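Secondary and tertiary structure notes
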Amino acid sequence: MVPLSHYLIVSAILFFIGVLGVLLRRNVIVVFMSIEIMLNAVNLSLIGFDRFLNQHDGQVFSFMVMAVAAAEVSVGLAIIISIFRKKPTINLDEFNIMKW
Amino acid sequence: MEQFIFYPLSLMCIVFAVGVIVNTSPISSAVSLIGMMLGLAGLFVLLNAHLMAILQVLVYAGAIMVLFMFVIMLLNLKGDDEDWKMRGKNVLLASLSGVFVVTLLFKIFGDGFSTNIGKPAVLPETFGTTAAVGELLFTDFVLPFEVASILLLVAMIGAVVLAKTKLN
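A few points on the structure. Just so it is clear, the model here is predicted, and its values are computed rather than measured.

Next up on the list: the side chain of Asn40(A). Along the chain, the position of Asn40(A) falls in helix 2 (residues 28-53). Of note is the side chain of Asn40(A), whose polar atom sits 2.9 Å from the side chain of Gln56(B). Beyond its immediate sequence surroundings of up to four residues, Asn40(A) is in contact with Met36(B), Met37(B), Leu40(B), Gln56(B) and Tyr60(B).

Often, the extent of an interface is quoted as the loss of accessible area on bringing the components together. Each partner contributes residues to the interface: chain A has 73 residues there, and chain B has 83 residues. Taken together, the links from chain A to chain B amount to zero salt bridges. Our enumeration of links across chain A and chain B arrives at seven residue pairs in polar contact (both at pLDDT 80 or more). Of all the secondary structure elements, the ones that give two or more residues to the side of chain A that touches chain B are helix 1 (4-24), helix 2 and helix 3 (57-86) of chain A. It is helix 3 of chain A that contributes the most residues to the side of chain A that touches chain B, 25 residues altogether. Residues belonging to the side of chain A that touches chain B are distributed by class as follows: 49 nonpolar, 16 polar and eight charged.

Criteria and cut-off values
- The numbering scheme is per chain: residues are counted from 1 as the chain's sequence reads.
- Chain labels run from A onward and ligand labels from 1 onward, assigned in the order the entries are written.
- Given that the model is predicted, a residue must reach a pLDDT of at least 70 before its local features are reported, and side-chain atom pairs must reach 80 or more before they are shown or counted; all residues, however, enter totals for whole chains, interfaces and linings.
- Computation of side-chain values covers all heavy atoms of the structure but excludes hydrogens and water.
- Helix numbers and strand numbers start at the N terminus; a helix is a DSSP run of H or I with at least 4 residues, a strand a run of E with at least 2.
- Between N or O atoms, a polar contact is any pair within 3.5 Å; within protein, one atom must be a potential hydrogen donor and the other a potential acceptor, and residues adjacent in sequence are included only when both atoms are from side chains.
- Working rule for contacts: check all heavy atoms of both residues, and any pair within 4.5 Å makes them a contact.
- Criterion for a salt bridge: a side-chain nitrogen of Lys or Arg within 4 Å of a carboxyl oxygen of Asp or Glu.
- Residues are sorted three ways: Asp, Glu, Lys and Arg are charged, Ala, Val, Leu, Ile, Met, Phe, Trp, Tyr, Cys and Pro are nonpolar, and all the rest, Gly among them, are polar.

Rendered as structure tokens:
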């Protein structure tokens, strides 16, 4: 039986990789994917705690996380497309048209 | 026996996750992300959360990644070698998050944590089935469930409005 701490370690490492992707990449699509990695890491620790505490609450929470992730991705990609139409770049450092 | 499945799967997850942020071409990043999500679905099966594993494959590796692929193809993004460059402003933040992760791992490894809930609970037959999760979803969490459906509706309308071409 794999102990709970190993699942949590995998989850922490995946979350850290996601944070690194958000901080270090400038391609906006890859930044979005890194956010997905972070959400998935959180799902893993929620479900891991569920298994070891014999509850189902964490699975319902991760269900909600999936719903929010789907909403976030659809709106975010729509925003990227509409910005791309105005200014053909996906470099995050050039996305400053909302500044005033 | 479980270890022989857990460690290769988690290694695969971590390798694919690193592949997402290291690849210069967005398509390779997306394919790596699909691999990571499938590995996570395997981990969910190991944790007896079968419904969540299926939803992970259907929603994440299916729907969301198709959306990503679609946008990458639509914008015709080429692999841009110049894009992989450290941003100087964020190096401090990245190292701070590294410290955070080291602290977290130290806490997880530390004693007192594993003694309380490290022992796996004895599971009933119905753990992780659709019936068990659905019962909780429609009794205790029925309000968040309805709010999530409204959120999805709003996101759908918002995506259509944002991505619509200007008619003038």
